[in-house]
There are 2 protein chains.
Amino acid sequence: MTGKLKYYLKNNTNITDKQIDQISGCFRPKTVKKNTLLLSEGETCKELYFVHSGCIRTYYLTKQGHEKTRHIAFDNSIVTSVSSFISQKSSFEFVETLENSELYTISNKDFYQLVSDIPLWENFYRKFLEMAYLHQNKKIENRITLSAKQRYDRLMSEEPMYIQRLSNKILASYLDITQETLSRLKSR
Amino acid sequence: MTGKLKYYLKNNTNITDKQIDQISGCFRPKTVKKNTLLLSEGETCKELYFVHSGCIRTYYLTKQGHEKTRHIAFDNSIVTSVSSFISQKSSFEFVETLENSELYTISNKDFYQLVSDIPLWENFYRKFLEMAYLHQNKKIENRITLSAKQRYDRLMSEEPMYIQRLSNKILASYLDITQETLSRLKSR
DNA sequence: GAGATACTTTGATATAAGTCAAAAAATTAT
DNA sequence: ATAATTTTTTGACTTATATCAAAGTATCTC
């Protein structure tokens, strides 16, 4: 059942099989329809998700009410509202499914219990944070140094799945441009 | 000598005095004149700095050759080219002193040795990464949701030290605007 | 302290991307 | 299938910020 999660942990950590069983035992399966909010602005993020299948995004609203997509997680990845999950303070982000999704979810409590109990899990979490940082870094850099068209072209070549699986609306908000601009630059 | 560093660790961790001695023993003092490069693009970042006094920035160059300041560290904070220090790959960032600075420097090797040896140091490092992530997050959000003037005003009210201690050139590059724009919006 | 170098201001102009609006196309629901 | 809703495209217009250029200030260096 949690096979894919176990496989993921086996491939990304040196945690022993026994401890992988212990870890995956802390996750609960959760089937969610597309376009479902898992977390809203103002709530405290109590869960972290492993995406078995489907797709999840995190986004926030600008003062003008525009959605800005921060992160998109496809199959075989981990996602949550990182800042709220870490700080256990009110989130300014939303977490939402973009497709019908099968998730495995772990509570904040259990997660940090594992961080204390299993050194290699803390190690894994640290590496997750390192990756999250590098990813963010790259997003800032892209946003600052590339034009809208260049960002689109780069995503197209580096992460074609984004273009294949996401609607223009979501894609535009991920690339920090308007739908109209995306529509126009696609036909250039 | 490393008094300020020890004080910093006492205030930000639960590490025992004995282990704080062990940790600060791994740091070496380094006095650096202003406008000195500590790391250049293409080099691998082997050191992490505690800023005892002075000021350090990290920045990178766009394809057009413009400097973009990513992070600024004043007294009593820790700084490095995080992505290169983590990955031990070639850096695309520069690290530079903006003022005459007294630093304490630790090697990547010693740093990760302490991460292995002292659980509370790994814990501290994890929290450092969490903070770095939150800080980045906020920078992305500000850049996307606020106008140049709004970003300047917010920095002025939240971090007046930035405006007091940095030249317009550096400040502009930190706010992701040109010097000319900064000059203009200051007189509005 | 004079000259060189680097920084800041001001002006004129250009441009990428946003906004508003409405039609066309694609999904979703009944 | 048909209607209703949502998404995408296209057009006309606006705007914030960048660019280029030149003059004015400040800072370093010999």
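As annotated in an unreviewed UniProt entry, chain A carries the name CRP-like cAMP-binding protein and is attributed to Sphingobacterium detergens.

Another aspect to go through is the relation of the copies chain A and chain B. Structural alignment of chain A on chain B gives an RMSD of 0.0 Å, achieved by rotating through 180° and translating 0.1 Å along the axis. Taken together, the turn and the small shift mark the pair as related by a two-fold rotation axis. When the interface residues of chain A are mapped onto chain B, 100% of them again lie at the interface, so the same face is used by both copies.

Turning our eyes to something else, we now look at the protein's contact with DNA strand C. Around DNA strand C sit 17 residues, and of these S147 and T181 of chain A together with N168, K169 and S183 of chain B come closest. Residue assignment for the surface near DNA strand C shows that the elements contributing at least two residues are α6 (148-158) and α9 (179-186) of chain A together with α8 (168-175) and α9 (179-186) of chain B. With 5 residues, α9 of chain B is the largest single contributor of residues to the surface near DNA strand C. Split into classes, the residues belonging to the surface near DNA strand C amount to 2 nonpolar, 9 polar and 6 charged.

With 21 residues of chain A at the interface, the matching set in chain B holds 21 residues. Of all the elements in the fold, those that place two or more residues in the side of chain A that touches chain B are α3 (82-87) and α5 (119-145) of chain A. For the side of chain A that touches chain B, the residue count by class is 8 nonpolar, 5 polar and 8 charged.

Phi at N35 of chain A is positive, roughly 60°, even though this residue is not glycine. Topologically, N35 of chain A is positioned in the loop between β1 (28-32) and β2 (37-39).

What follows deals with the protein's contact with DNA strand D. The local shell around DNA strand D holds 17 residues, among which N168, K169 and S183 of chain A together with S147 and T181 of chain B are the closest. Sorting the residues of the surface near DNA strand D by element identifies α8 (168-175) and α9 of chain A together with α6 (148-158) and α9 of chain B as the ones contributing at least two each. For the surface near DNA strand D, the element with the most residues is α9 of chain A, which contributes 5 residues. The class makeup of the residues in the surface near DNA strand D is 2 nonpolar, 9 polar and 6 charged.

Residue and element names in this part refer to chain B. Spatially, β1-β8-β3-β6 is the arrangement adopted by the 4 strands of the open sheet, whose pairing is antiparallel. The outermost strands of the open sheet, each flanked by one partner alone, are β1 (28-32) and β6 (77-79). When strand polarity is set aside, the average angle formed by the axes of neighbouring strands in this sheet is 35°.

For the rest of this paragraph, the subject is helix α1 (residues 3-12) of chain A. All names here are of chain A. For α1, the set of buried residues is L5, Y8 and L9. Looking straight down α1, one finds its buried side chains confined to an arc of 95°; they lie on one side. Residues G3, Y7, K10 and N11 are exposed on α1 and point more than 90 degrees away from its buried face. Buried residues along α1 sit in contact with α2 (17-24), β3 (47-53) and β8 (101-107).

Looking now at the packing of α1 of chain A against α2 of chain A. Two numbers describe a pair of packed helices, the interaxial angle and the distance between the axes. Residue and element names in this part refer to chain A. Relative to each other, α1 and α2 sit at 135°, their axes nearing to 10 Å. By the criterion of interaxial angle, the relationship of α1 to α2 is oblique. Where α1 crosses over α2, the two elements pack in a sense that is right-handed. Across the interface between the two elements, L5, K6, L9 and K10 from α1 touch I20, I23 and S24 from α2. Residues belonging to the contact of α1 with α2 are distributed by class as follows: 4 nonpolar, 1 polar and 2 charged.

In this structure, Y49, F50 and I56 of chain A together with Y49, F50 and I56 of chain B are the most contacted members of the largest nonpolar core, which totals 82 residues. Apart from residues lying up to four places away in sequence, I56 of chain B is in contact with Y49, V51, A73, V79, V95, E96, T97, L98 and S101 of chain B.

Right, let's talk about the UniProt feature "domain: Cyclic nucleotide-binding" (unreviewed entry) in chain A for a bit. Summarizing the sequence annotation, UniProt attributes the feature "domain: Cyclic nucleotide-binding" (unreviewed entry) to residues 30-116 of chain A in the numbering used throughout. As annotated, residues 30-116 of chain A comprises 17% helix and 46% strand, and the C-alpha atoms at either end are separated by 25 Å.

On to the environment of F128 of chain B, then. With respect to the element layout, F128 of chain B can be found in helix α5 (residues 119-145). A C-alpha to C-alpha distance of 24 Å links F128 of chain B and E99 of chain B, two positions 29 residues apart in sequence.

Our next topic: the environment of E102 of chain A. Residues and elements named next belong to chain A. Locating E102 in the fold gives a position in strand β8. For E102, a count of 15 C-beta atoms within 10 Å puts it in the partly exposed group. Spatially, the C-alpha atom of E102 lies 32 Å from that of E180, the residues being 78 residues apart in sequence. Look past the residues within four positions of E102 in its chain and what remains in contact with it is P29, T31, H52, S53 and G54.

Moving on, we get to the sheet that holds β8 of chain A. All names here are of chain A. A sheet is described by the order of its strands in space; here 4 strands give the open sequence β1-β8-β3-β6, paired in antiparallel fashion. What marks the edges here is a single partner per strand, and that holds for β1 and β6 (77-79). Across the sheet, the mean angle from the axis of one strand to that of its neighbour is 35°, orientation sign disregarded. Where β3 meets β8, 6 bridges bridge the pair, whose relative direction is antiparallel. From the neighbouring strand, Y49 faces β8, where its bridge partner is T105.

What counts and how
Residues numbered from 1 in each chain as written. Chains lettered and ligands numbered in written order. Predicted model: local features only at pLDDT ≥ 70, side-chain atom pairs only at ≥ 80, totals over all residues. Least-squares fit on C-alpha atoms with pLDDT ≥ 70 in both. Contact = placed C-beta atoms within 7 Å. Near = placed C-beta within 6 Å. Helix = DSSP H or I, 4+ residues; strand = E, 2+ residues; numbered from the N terminus. Nonpolar A, V, L, I, M, F, W, Y, C, P; charged D, E, K, R; others polar. Pairing = 2+ DSSP bridges. Axes fitted to C-alpha atoms, helices over the stretch in contact; angles between N-to-C directions. Buried ≥ 20, exposed ≤ 12 C-beta atoms within 10 Å, placed from the backbone. Arc of directions from axis to C-beta. Parallel < 35°, antiparallel > 145°, perpendicular 65-115°, else oblique. Left-handed = near helix turned anticlockwise from the far one by under 90°. Core = buried A, V, L, I, M, F, W, Y, C linked by C-beta atoms within 7 Å. UniProt positions renumbered as here; feature names shortened; annotations may be inferred.

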